[in-house]
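Coordinates in review
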Amino acid sequence: MRPLGIEGAWVLEPKIFPDDRGSFHEWYRGAEFHEATGYDLSLAQANCSVSRRGVLRGVHFADVPPGQAKYVTCVRGAVLDVVIDIRVGSPTYGKSEAVRLDDDTRHAVFLAEGLGHSFMALTDDATVVYLCSEGYAPGREHGIHPLDPALGIEWPEGITPLLSPKDQQAPTLAEAERQGLLPSYEACLAYYEELRSGQGT
């Protein structure tokens with residue numbers, strides 16, 4: 001796993017073994033994950049979304065602690081997956097990093113608790129599966145408008161974004177900060193250390 005430019009985010013670029021039957025690859029290995037991140041992936045929920053071209057989901061995040069770490073891959077079609085640092089006080093606060101996930105390279109992205117997540121479907125029937133460290137809890141879930149210019153996300157040109165009503169009504173990054181919705185960088189670092197020492201729940 002290779003770290004991205006935002007602390008707490010990594011990309012997996014697996015070796016694929018093709019043959020006349022199809023292909024095989026390992027998209028999660030516990031030892032490699034632990035070596036890269038310093039702690040083990042706690043699995044509480046697994047999700048699958050299917051989106052038509054142009055669907056834009058996120059930016060989503062959850063209160064920390066416990067937050068919700070995500071390990072994401074695209075098993076059919078292609079998406080542009082984006083990690084956004086929304087941790088107030090972080091050196092990369094407000095920055096984002098995009099990774100193309102598709103059924104060719106089979107890349108996967110892991111983002112730690114407290115980071116924002118969004119993706120746009122680049123193909124019809126883009127199928128994304130993701131493992132979550134915590135289950136969905138509506139009272140702890142929040143969003144930021146993915147088209148907020150302050151985020152500086154370079155969504156693909158020539159594709160009209162299709163957002164859910166909830167995502168359309170999400171606040172900007174500045175509004176979310178003023179409303180006290182964003183996690184603090186210090187709280188996230190403290191929680192990461194709890195997880196690495198085996199004390200997190």
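For clarity, every value in this text was computed on a predicted model and none was experimentally measured.

Rules of the game
Sequence order sets the numbering: in each chain, residues are counted from 1 along the sequence as written. Totals for whole chains, interfaces and linings use all residues, but because this is a predicted model, local features are given only for residues with pLDDT of at least 70 and pairs of side-chain atoms are given and counted only at 80 or more. To obtain the side-chain values, all non-hydrogen atoms of the structure were included, while hydrogens and water were left out. Whether two strands pair depends on DSSP finding at least two bridges between them. The way it works is that DSSP assigns letters per residue, a run of H or I at least four long becomes a helix, a run of E at least two long becomes a strand, and they are numbered from the N terminus. Angles run from 0 to 180 degrees between N-to-C directions of axes, and those axes are lines fitted to C-alpha atoms, restricted for helices to the stretch in contact. Any pair of Phe, Tyr and Trp rings, taking the six-membered ring for Trp, is counted once the centres come within 6.5 Å. Such a pair is stacked with planes under 30 degrees apart, edge-to-face with planes over 60 apart, and tilted for the rest. Note on exposure labels: buried denotes an accessible area under 20% of the residue type's maximum, exposed denotes more than 50%, and partly exposed covers the range between, all computed with a 1.4 Å probe on protein chains only. Throughout, a residue-residue contact means that at least one pair of heavy atoms, one from each residue, lies within 4.5 Å. Pairs of N or O atoms within 3.5 Å make up the polar contacts considered here, provided that, within protein, one atom can donate a hydrogen while the other can accept it, and that residues adjacent in sequence are counted only when both atoms are side-chain atoms. The term salt bridge refers to a pairing of a side-chain nitrogen on Lys or Arg with a carboxyl oxygen on Asp or Glu at a separation within 4 Å.

1. Topic: the sheet that holds strand β8 (residues 78-85)
- Taken in spatial order, the 5 strands of this open sheet run β9-β8-β11-β6-β13, and their pairing is antiparallel. With partners counted over all chains shown, the strands left at the sheet margins are β9 (96-102) and β13 (141-143), one partner each. Pairs of neighbouring strands in the sheet enclose a mean axial angle of 25 degrees, with direction left out of account.

2. Quick word on the packing of aromatic side chains
- Tallied over the entire structure, the rule returns 7 aromatic pairs.
- Between the aromatic rings of Phe33 and Tyr71, the centroid separation amounts to 6.1 Å while the plane-to-plane angle is 80 degrees, which identifies the pairing as edge-to-face. Here Phe33, found in helix α1 (residues 30-37), pairs with Tyr71, found in strand β7 (residues 70-76); they are 38 residues apart in sequence, far enough to count as distant. With respect to class, Phe33 is no different from Tyr71; both count as buried.
- Grouped by ring-pair contacts, the aromatic residues Trp10, Trp27, Tyr28, Phe33, Tyr71 and Phe110 constitute a single cluster.

3. Some thoughts on unusual backbone geometry
- Going from Gly58 to Val59, the amide bond is cis rather than trans, its omega being 15 degrees.
- In this structure, Arg106 is a non-glycine residue whose phi angle is positive, near 60 degrees.
- When you line up the elements, Arg106 lands in the loop between β9 and β10 (108-111).

4. A word on the environment of Thr105
- You can see Thr105 is positioned in the loop between β9 and β10.
- We classify Thr105 as partly exposed; its relative accessible area is 27%.
- With 90 residues separating them along the chain, Thr105 and Lys15 place their C-alpha atoms 8.7 Å apart.
- If we skip the residues at most four places from it in the chain, Thr105 touches Pro14 and Ile16.

5. Points about the side chain of Ser118
- Of note, Ser118 is situated in strand β11 (residues 115-121).
- Residue Ser118 is classed as buried on the basis of its relative accessible area of 0%.
- A polar contact is formed between the side chain of Ser118 and the backbone oxygen of Arg57, at a distance of 2.7 Å.

6. Thoughts on the sheet that holds strand β5 (residues 45-51)
- If you walk across this open sheet you meet the 6 strands as β1-β2-β10-β7-β12-β5, and the pairing is antiparallel. The strands lining the two open edges of the sheet, one partner per strand, are β1 (2-3) and β5.
- Note that β7 and β10 share 4 bridges and pair antiparallel. Within β10, the residue paired with Val72 across the bridge is Val109.

7. Observations concerning the pairing of β10
- Alternating positions in β10 separate into two faces, Ala108 and Phe110 on one and Val109 and Leu111 on the other, with burial throughout.
- Looking at chain direction, strand β2 (residues 9-12) and β10 are connected through 4 bridges and run antiparallel. Counterpart to Val11 in the pairing with β10 is Val109.

8. Quick notes on the pattern of salt bridges
- Enumeration over the complete set of coordinates arrives at 7 salt bridges.
- With a closest N to O distance of 2.8 Å, Arg2 and Glu13 form a salt bridge. Linking Arg2 in strand β1 with Glu13 in the loop between β2 and β3 (17-19), this pair joins segments that are 11 residues apart in sequence.
- The partly exposed category is assigned to Arg2, whose relative accessible area is 39%.
- With its nearest N and O atoms 2.6 Å apart, the salt bridge here joins Asp19 to Arg21.

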